[in-house]
Amino acid sequence: MASTYAAVYARWKSEPSVFWSEAAAAIDWFKAPDIAFDGQRGVYGHWFPDGETNTCYNCLDRHVAGGRGEQTALIYDSPVTGRKQRFTYREMLTEVEAVAAVLADLGVGRGDRVIIYMPMVPEAVFAMLACARLGAVHSVVFGGFAAHELATRIEDCKAKVVVAASCGIEPGRIVAYKPLLDAAIDLAVHKPEHCLILQRPELEAPLSGERDVDFALSVAAAKRAGRPVSCVPLPATDPLYILYTSGTTGQPKGVLRDNGGYMVALAWSMKHFYGVAPGEVFWTASDIGWVVGHSYIVYGPLLNGSTTVLYEGKPVGTPDAGACWRVVQEHGVRVMFTAPTAFRAIRREDPEGALVAGYDLSSLRCLFLAGERADPDTLQWAERVLGIPVIDHWWQTETGWPMAGNPLGLGLLPVKHGSPSVPLPGYHIDVVDDAGHPVGPGTLGNIVVRLPLPPGCLPTFWNADERFHTTCLAEFPGYYKTADAGYIDEDGYVFIMARTDDIINVAGHRLSTGAMEEVCASHPDVAECAVVGIADTVKGQIPAGFLVLNSGVSRESSLIEQEVVTLVRERIGPVAAFKTVVCVKRLPKTRSGKILRGTMQKIADREAWKMPATIDDPTILDEIREALQARGIGI
Ligand code: COA
Ligand code: AMP
């Protein structure tokens with residue numbers, strides 16, 4: 001089909017309020033909004049300020065009322081436990097109502113915060129929707145984060161209740177969540193009133209005192225009581241969730257998401273971008289701890305009346321590199337979405353894609369990739385072995401849905417490998433120089449989005465309007481700063497090349513090198529340190545730490561390196577994949593004392609690098625190169 005993209009984008013641009021008001025008709029409102037956007041409210045404005053709605057109602061109740069009750073809403077497929085389960089929309093509603101009843105009995109109501117620290121189990125999705133039903137604000141914390149990170153989040157959002165599981169299951173090891181949760185609560189000054197614990201048979205956790213409540217027993221009791229819990233009508237601008245993401249300091253940013261605008265944007269994207277119809281199976285292979293999981297495992301597919309797949313496994317090793325093809329075949333997946341790193345992992349195990357031939361993938365229409373740069377080599381490999389369009393698209397936790405992409409639902413535009421294609425309606429993307437002046441086509445610069453951001457994007461950070469303004473809006477007045485650098489070509493295609501801050505992307509997981517430096521620096525023998533992201537063939541990037549030890553430290557440097565690795569794992573979590581550490585005599589710096597992280601990264605990545613004119617002492621770079629060489633890194 002010929003693409004209608006240009007016409008749709010132009011229509012949005014000429015009448016943005018009308019465009020989004022029309023899109024708002026895709027969801028049900030208790031009170032339909034008369035106003036699309038109010039620029040006087042909030043930090044840069046609010047979408048649908050006078051609308052009233054409920055996200056859980058739109059994800060479940062209205063589908064049951066509308067005749068979709070017997071359709072499968074969620075397929076749980078867990079190769080790590082061997083369990084598989086299907087829930088119809090009606091069954092989901094029963095489960096969610098029961099969890100909502102339990103939370104309400106624990107005192108959770110509109111505006112209260114609930115942390116969800118769970119692996120990829122259906123109960124995690126029920127808990128998210130139960131919060132939405134009550135008007136409570138959930139904050140899902142990824143299982144790969146350690147107690148300290150969990151504590152920071154409990155503290156920042158002042159969680160009233162934590163919903164957690166006894167354990168998560170990683171290939172080859174069981175991750176005991178409960179001790180991490182207990183340690184986090186010990187660390188946090190703010191104490192949640194209750195912890196609702198899902199006992200998993202792989203590793204049950206001892207429950208303590210009044211605080212801990214058994215998830216399954218309480219939910220069963222709520223079901224027996226059969227008390228209906230209706231959806232609370234909420235202002236569209238009420239928060240649905242807080243999702244913490246790495247910022248430029250150790251203190252994560254609480255990205256806030258509203259109810260109304262988010263639903264309107266997701267509903268639009270499911271149909272017009274991903275091209276998924278109600279009733280079709282959509283599989284996002286990610287984790288509910290990330291924004292991709294929030295938007296496209298949970299809320300997007302359910303709003304759309306589609307069937308979503310919740311996969312508790314990896315692309316490789318559970319049991320092999322054919323795992324994804326097995327899921328596609330078994331569940332009739334129409335559209336799949338994952339991060340490029342998953343395909344790099346599959347390709348490493350099965351370079352010719354031989355395992356694909358063993359499965360019937362005729363249901364699969366398209367593969368979407370996001371979360372990190374899709375290197376053309378991996379993308380073309382995926383195209384070749386799958387024989388379907390493979391679409392790179394670009395967005396971030398802050399935006400909640402794609403900023404740029406090739407819209408399958410509007411008819412695909414020509415693919416340019418290396419580019420996530422064109423801006424989507426809602427996003428006026430510019431590239432500006434450091435002084436904020438727009439640059440011409442093909443010129444590298446800061447990628448910014450003209451305000452107001454469209455529905456679905458963050459209105460602010462949780463409890464931190466000022467930080468939101470300073471971090472995202474102040475540098476380029478009138479624009480939202482994405483902190484990505486890149487360019488737009490003559491045809492309007494966007495190319496994302498690098499971050500402009502200290503964020504690195506490790507297996508699609510967003511991490512702050514600054515936060516890792518804070519942990520390294522806390523080791524008593526470390527005088528100074530630098531962490532940079534270096535290239536990795538599967539994970540895209542991995543962190544590498546450089547330590548300068550205090551003078552007079554006589555212990556083996558390899559011992560200290562190991563201790564620092566353990567410290568980062570304990571404080572940030574295994575997800576940081578922090579395993580490469582080198583002790584060096586000095587760090588390369590400019591004469592004004594700025595550490596030359598970029599040059600260190602280039603040396604490690606065997607990229608061409610120039611001797612910085614401002615360097616304090618050029619011989620340090622030789623020392624860095626030798627230290628890396630000794631570890632087999634760099635030239
Ligand atoms: N709970 C506890 N630990 C977890 C975890 C969780 N939910 N998720 C990951 N970890 C641990 C892993 O076990 C690993 O620990 P290890 O150092 O002991 O091996 C560490 O965190 C790093 O995990 P990960 O980055 O997932 O690496 P991996 O080597 O286990 O797997 C991939 C690599 C590419 C297969 C994996 O990252 C993947 O499937 N990615 C798919 C896409 C994706 O999820 N993207 C996210 C954003 S869209
Ligand atoms: P997160 O907030 O975890 O989703 O990470 C968002 C960041 O990941 C973006 O700001 C980019 O730096 C990077 N990113 C996401 N998708 C892409 C993509 N398709 N191409 C390049 N970088 C991407």
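What counts as what
- Residues numbered from 1 in each chain as written.
- Chains lettered and ligands numbered in written order.
- Predicted model: local features only at pLDDT ≥ 70, side-chain atom pairs only at ≥ 80, totals over all residues.
- Heavy atoms only, no water.
- Near = heavy atom within 4 Å.
- Polar contact = N/O pair within 3.5 Å; in protein donor to acceptor, adjacent residues only side chain to side chain.
- Helix = DSSP H or I, 4+ residues; strand = E, 2+ residues; numbered from the N terminus.
- Nonpolar A, V, L, I, M, F, W, Y, C, P; charged D, E, K, R; others polar.
- Domains from an automatic or database assignment.
- Areas by Shrake-Rupley, 256 points an atom, 1.4 Å probe, with all protein chains shown as cover.
- UniProt positions renumbered as here; feature names shortened; annotations may be inferred.
- Salt bridge = Lys/Arg side-chain N within 4 Å of Asp/Glu carboxyl O.
- Buried < 20%, exposed > 50% of the residue type's maximum accessible area, 1.4 Å probe, protein only.
- Contact = heavy atoms within 4.5 Å.
- Buried area = accessible area lost by both parts, 1.4 Å probe.

### A word on the site of ligand 1
Step number 1: Surveying the vicinity of ligand 1 reveals 25 residues, the closest of which are Glu170, Arg173, Pro315, Arg569 and Lys579.
Step number 2: In the environment of ligand 1, a nitrogen atom lies 3.3 Å from a nitrogen or oxygen atom belonging to the backbone of Gly143.
Step number 3: In the environment of ligand 1, an oxygen atom lies 3.4 Å from a nitrogen or oxygen atom belonging to the backbone of Val575.
Step number 4: Secondary-structure elements contributing two or more residues to the shell around ligand 1 are β10 (173-176) and α12 (340-349).
Step number 5: In terms of residue class, the shell around ligand 1 is built from 12 nonpolar, seven polar and six charged.
Step number 6: Here the shell around ligand 1 gathers at least three residues from each of two domains, domain 1 (5-313 + 395-486) and domain 2 (507-630).

### Some remarks on the site of ligand 2
Step number 1: Looking at ligand 2, there are 15 residues lining it, with His393, Thr397, Asp484, Arg499 and Arg510 nearest.
Step number 2: In this structure, Arg373 approaches ligand 2 through a main-chain N or O atom, which is 3.5 Å from a nitrogen atom.
Step number 3: Within the complex, 93% of the 500 Å² of free accessible area of ligand 2 lies under protein.
Step number 4: Secondary structure elements with two or more residues in the shell around ligand 2: β20 (390-394) and β26 (494-499).
Step number 5: In terms of residues, the shell around ligand 2 owes the most to one element, β20, which gives three residues.
Step number 6: Class assignment for the residues of the shell around ligand 2 results in four nonpolar, five polar and six charged.

### Some points on the UniProt feature "domain: AMP-binding enzyme C-terminal" (unreviewed entry) in the protein chain
Step number 1: In the numbering adopted here, UniProt assigns the feature "domain: AMP-binding enzyme C-terminal" (unreviewed entry) to residues 516-594.
Step number 2: Along residues 516-594 one finds 27% helix and 32% strand; the C-alpha atoms at either end are 18 Å apart.

### Looking at the pattern of salt bridges
Step number 1: The final tally for this structure, using the stated rule, is 46 salt bridges.
Step number 2: The partner of Asp182 in a salt bridge is Lys178, and the shortest N-O contact between them spans 3.2 Å. With Asp182 and Lys178 both in helix α7 (residues 177-187) and four residues apart, the pair spans about one turn of that helix.
Step number 3: Judged by relative accessible area, which is 25%, Asp182 ranks as partly exposed.
Step number 4: Overall, Lys178 belongs to the buried group, its relative accessible area being 3%.
Step number 5: Arg344 is paired through a salt bridge with Asp375; the nearest N and O atoms lie 3.1 Å apart. Placement of the pair is Arg344 in helix α12 and Asp375 in the loop between β19 (366-369) and α13 (376-386), with a sequence separation of 31 residues. Asp375 carries the same exposure label as Arg344, and that label is buried.
Step number 6: Ionic contacts of the salt-bridge type, sharing partners, join the residues Asp77, Lys84, Arg326 and Glu330 into one network.

### Observations regarding the domain arrangement of the protein chain
Step number 1: Taken as a whole, the protein chain is organised into domain 1 (5-313 + 395-486) and domain 2 (507-630).
Step number 2: Placing a centre on the C-alpha atoms of domain 1 and another on those of domain 2 gives a separation of 34 Å.
Step number 3: Taken residue by residue, the interface counts 19 residues in domain 1 and 13 residues in domain 2.
Step number 4: Surface buried jointly by domain 1 and domain 2 totals about 1100 Å² across both partners, of which 50% is contributed by carbon and sulfur atoms.
Step number 5: Viewed at the interface, domain 2 and domain 1 are joined by one salt bridge.

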